[in-house]
Each structure stands twice: as C-alpha cells, then as structure tokens.
Amino acid sequence: MRTTKMLAAALLTGAALLGTAAPALADTPSPSATKDKDKGAPTVAGTTFRTATPVEQGQKATADASSGDYLYWVFPADAGQRPAVDATVTLPSTGRQQATTWRIDVYDGLRRRQPCMYGAQSRAAAADATTVALSCTLRPVRAWADSWSTDPLPGSYYVRLTAVGLPATERGLPVKAELRATTKETGGSQAVDGSLSTPLGAGGPKVEPEDGWSSGWWTDRWIWTGAGGVLAALAGVGGYALTRGRGRPAHVPRNA
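Residues numbered from 1 in each chain as written. Predicted model: local features only at pLDDT ≥ 70, side-chain atom pairs only at ≥ 80, totals over all residues. Heavy atoms only, no water.

Turning to its location among the elements, R96 is positioned in the loop between β4 (81–90) and β5 (100–107). On the basis of relative accessible area, R96 is assigned to the buried category, the value being 12%. A distance of 2.9 Å separates a polar atom in the side chain of R96 from the backbone oxygen of A126. Polar contacts involving the side chain of R96 include one to the main-chain carbonyl oxygen of A129, which spans 3.2 Å. Not counting the four nearest positions on each side in its chain, R96 is found in contact with L91, A125, A126, A127, D128, A129, E170 and L173. (Helix = DSSP H or I, 4+ residues; strand = E, 2+ residues; numbered from the N terminus. Buried < 20%, exposed > 50% of the residue type's maximum accessible area, 1.4 Å probe, protein only. Polar contact = N/O pair within 3.5 Å; in protein donor to acceptor, adjacent residues only side chain to side chain. Contact = heavy atoms within 4.5 Å.)

And the structure:
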C-alpha cells in the first residue's frame, strides 16, 4: 500500500510539472483583442527598406497604392517564434485586360531573403479577378547561428509586396493592400546554445515585440529537463521500495 501511494504521488508530481510546460501561447487571441490591436494600425506602406512602415505582430496594416509600386512593411520576430505573413490585394474592377502576378518576399535584419516553408508566395490574378491572396510562413527564428548560415535570427523582418512582370497597360491602376504578420511560438524544440548580443536591423525603423526581446537563454526545455529529473528520482525511490523486501522475518534469529 505504501509503495502504491509513493508511485501515485510520483505520477501526480510529474503530471503537475509537465502541465506547467504546456505553452500558454497556444491559445488563440480573442476577436476583441484582435480588433483592439487593429485600432491605430498603419494605413500607408513604405517604398524602400529604410522607409518601411512598422507594424506590430497580429496587427492588420492597409495601404492604397498603384500597380507597379513596391510596398514595404517591417515587424519584429524573436527567438523561438515562427513568423507568417498573409497579404490580400484588392484589384480594380475595371481597366484590367491581362493577368497579373503578385508576390511577397520576406527579408531578415541583414536583408537576406528568407525562403518560405509553405504558403502561396506568388500568385497570378486573372484579368477578371477582384482579389489575390498571398502567404508566406518562415522557418523558426533561432537565437544564434553560424555566420555562414542563412537561418532566421531575432530582429526586424521586412515584407515587400509588388506585382512582377507587370504589362505596361496594367501599370498605375489603383489597388488596395492588406497585410498581417503573425508569429507562433515553437518552444524549446528550436532552442540553441548562444544568443545574439543585439537583434538584427537593416538600418530602417526600429521595431520591438510588445514584451521586449528575450534573453535567449530561457526556454521551456528547462522545464521538461527538470520534470524529467524529478520523475527519474521518484522512479528510483519507487524501484528501491519495490525491491528491498520487508526486512528480517520475525521467526529468524538475529545471529542466524
């Protein structure tokens, strides 16, 4: 009975520790929180890296432009986050005669174009199309990487939206762009030893997450490691209790 209680206590302790390791950011933001964040969102876009319009994570930015313009936004992404960008272009209902191809590109703080893990980064809009939707999900941001690596690092991320291979007859037509940059926490699975001294920036507007930049050393992997150590110790105590026996039987003499 005593051994059973010890094992039950071990399981309960392990469950409690593992429960604390569940990422709190898995909860999706409420619609009201999204609406509050969209208040005061930017309604213009920059035309270069240096004039890129800052946008917060999860905030919807809009801009009125013309076909052929280069539109730039910039948002922050920290270590352990996986950035994703979604853009929608509303095309004019009249004046279009040919299909046009729209594209979004995402650059890190060193102005290195980052490849998309998945998403429709480039898409052609038929002559009668009214909207075109684009998306790009990057690789998880790492706290540190070798200088020769192209891994995403903490800092500013620049989004460029434009039409490519635009026919001359399609240039200058009015369009409206909407963009939302979001991030998802990946947890300790992407943790590395080391961190940058400062987040990377390309000389444009400075952006920063709402809660500031992380130090780079703390991840939920510490919780899992601690929980595993506690469970291993409890398992050792339980194993010893199961194998040690009940001691000397009462009918056996002490000197036997």
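Take the sheet that holds strand β9 (residues 174–185) next. In space, the 4 strands of this open sheet follow the order β2-β9-β4-β7, with antiparallel pairing throughout. With one partner strand each, in any of the chains shown, β2 (60–66) and β7 (131–137) form the two edges of the open sheet. Strand-to-strand twist in this sheet, taken as the mean axis angle between neighbours without regard to direction, amounts to 20 degrees. Pairing between β4 and β9: 10 bridges, direction antiparallel. Opposite P83, over in β9, you have T183 as the bridge partner. (Pairing = 2+ DSSP bridges. Axes fitted to C-alpha atoms, helices over the stretch in contact; angles between N-to-C directions.)

Quick look at the nonpolar core now. Formed by 31 residues in total, the largest nonpolar core has its most connected members in W73, F75, V85, W102 and L161. At the level of elements, β2, β3 (71–77), β4, β5, β7, β8 (155–164) and β9 are the ones that each hand at least two residues to this core. With near-sequence residues (within four places) excluded, F75 lies in contact with V55, P83, V85, G155, S156, Y157, V159, A181 and V207. With 8 residues, the next largest nonpolar core counts F49, Y107, Y158 and V207 among its residues. (Core = buried A, V, L, I, M, F, W, Y, C linked by side-chain atoms within 4.5 Å.)

A few words now on the packing of aromatic side chains. Between two aromatic rings, the relevant description is the distance of the centres plus the angle of the planes. For the structure shown, the criterion picks out 4 aromatic pairs. Seen from their ring centres, F49 and Y72 are 5.1 Å apart, and the 55 degrees between their planes marks the pair as tilted. Separated by 23 residues along the polypeptide, F49 in the loop between α2 (31–38) and β1 (53–54) and Y72 in strand β3 bring together distant segments of the chain. Here F49 matches Y72 in class, with each residue buried. With 5.4 Å between their ring centres and 70 degrees between their planes, F49 and Y158 make a pair best called edge-to-face. Taken together, the residues F49 in the loop between α2 and β1 and Y158 in strand β8 connect sequence positions 109 residues apart. Feature note: the residues F49, Y72, Y107 and Y158 constitute an aromatic cluster, connected by ring pairs. (Phe/Tyr/Trp six-rings, centres within 6.5 Å; stacked < 30°, edge-to-face > 60°.)

What follows is about the confidence of the model for the protein. Averaged over all residues, the pLDDT of the protein equals 82, while 75% of them reach at least 70. In this model residues 20–27 is a low-confidence stretch, pLDDT under 50, and it forms 5 contacts with partners more than four residues away in sequence or in other chains. (pLDDT = per-residue confidence, 0-100.)

On to the side chain of D108. Structurally, the position occupied by D108 is in the loop between β5 and β6 (122–125). A relative accessible area of 0% means that D108 is categorised as buried. Among the polar contacts listed, one links the side chain of D108 to the side chain of R112, at a separation of 2.7 Å. Here D108 is in contact with Q114, S156, Y157 and Y158, once residues within four sequence places are set aside.

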